[in-house]
Amino acid sequence: MKVKSMHYSKNGNAIKIAQRLGEIYRCVSDQIPPAYPCETEKIIFIGIDTDKKIEKPVVDFCKDLTPQRAKNVAFYVVSGTGNISELDAIKSTLKANGVNVAGDTLVISVKNSLFSKGKISDSDIETAVKWAADVVESKLAD
């Protein structure tokens with residue numbers, strides 16, 4: 001199965017998950033925007049670190065996805081606030097482009113302090129791995 005693991009991470013949390021998914025699925029783990037465009041991917045996992053809004057590079061990357069580039073996109077978000085309402089507009093754009101949004105969005109909550117951003121745990125990474133396995137399993141049947 002052709003899989004790609006993408007991330008947009010200012011805090012480094014989404015990178016850790018993207019790299020782990022890259023290891024498991026023996027696929028490219030790349031930042032957004034990627035060095036090379038996606039082509040004929042069965043699933044793209046997109047990980048985002050955000051506490052506020054989803055950054056423009058992620059929005060632009062998703063706007064450019066078509067069924068020829070990616071059949072399915074699955075999102076995970078690492079957030080101190082848990083606010084992912086902006087993701088709905090991105091999902092609508094993907095659907096309008098003919099790209100399937102696979103599975104539910106995984107939200108991993110981290111606790112931020114006054115002086116530092118929260119960090120994910122090994123348990124959070126394993127939760128993401130199990131979520132990704134469920135997404136892949138559901139798409140193997142397609």
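Preceding block: the structure.
What counts as what
- Residues numbered from 1 in each chain as written.
- Predicted model: local features only at pLDDT ≥ 70, side-chain atom pairs only at ≥ 80, totals over all residues.
- Heavy atoms only, no water.
- Helix = DSSP H or I, 4+ residues; strand = E, 2+ residues; numbered from the N terminus.
- Rg over C-alpha atoms; globule rule 2.2 N^0.38 Å.
- Contact = heavy atoms within 4.5 Å.
- Buried < 20%, exposed > 50% of the residue type's maximum accessible area, 1.4 Å probe, protein only.
- Pairing = 2+ DSSP bridges.
- Polar contact = N/O pair within 3.5 Å; in protein donor to acceptor, adjacent residues only side chain to side chain.

A short note on the overall build of the chain
Thinking step 1. In terms of helices and strands, the chain carries 4 helices and 6 strands.
Thinking step 2. In sequence order, the chain lays out its α and β elements as β-α-β-β-α-β-α-β-β-α.
Thinking step 3. The C-alpha radius of gyration of the chain comes to 14 Å, within 12% of the 14 Å expected for a compact globule of 142 residues.
Thinking step 4. For the C-alpha atoms alone, the extent of the chain along its principal axes is close to 45 × 30 × 25 Å.

Regarding the environment of L94
Thinking step 1. Along the polypeptide, L94 turns up in helix α3 (residues 87–96).
Thinking step 2. Sequence spacing of L94 and L65 is 29 residues, and the spatial spacing of their C-alpha atoms is 7.0 Å.
Thinking step 3. Among all residues touching L94, those that are not within four sequence positions of it are C62, L65, V73, F75, V99 and V101.

Brief notes about the pairing of strand β6 (residues 106–109)
Thinking step 1. Burial of the side chains of β6 is restricted to one face: L106 and I108 are buried, whereas none of V107 and S109 on the reverse face is.
Thinking step 2. Note: strand β4 (residues 70–79) against β6, 4 bridges, orientation parallel. The residue bridging V77 from the neighbouring strand is V107, located in β6.

Some words on the environment of K119
Thinking step 1. Within the fold, K119 resides in the loop between β6 and α4 (122–140).
Thinking step 2. Put simply, K119 and N72 are 47 residues apart on the chain and 28 Å apart in space, counted from C-alpha to C-alpha.
Thinking step 3. Ignoring sequence-local partners within four residues, the contact set of K119 consists of N11, N13 and V110.
Thinking step 4. Polar contacts involving the side chain of K119 include one to the main-chain carbonyl oxygen of N11, which spans 3.2 Å.

Focus on the pairing of β4
Thinking step 1. With respect to burial, β4 is a largely interior element, 9 of its 10 residues being buried.
Thinking step 2. Here strand β3 (residues 41–49) runs beside β4; their pairing, made up of 8 bridges, is parallel. Note that in β4 the partner of I43 across the bridge is N72.
Thinking step 3. Sheet topology places β4 next to strand β5 (residues 100–101); 2 bridges connect them, and they run parallel.

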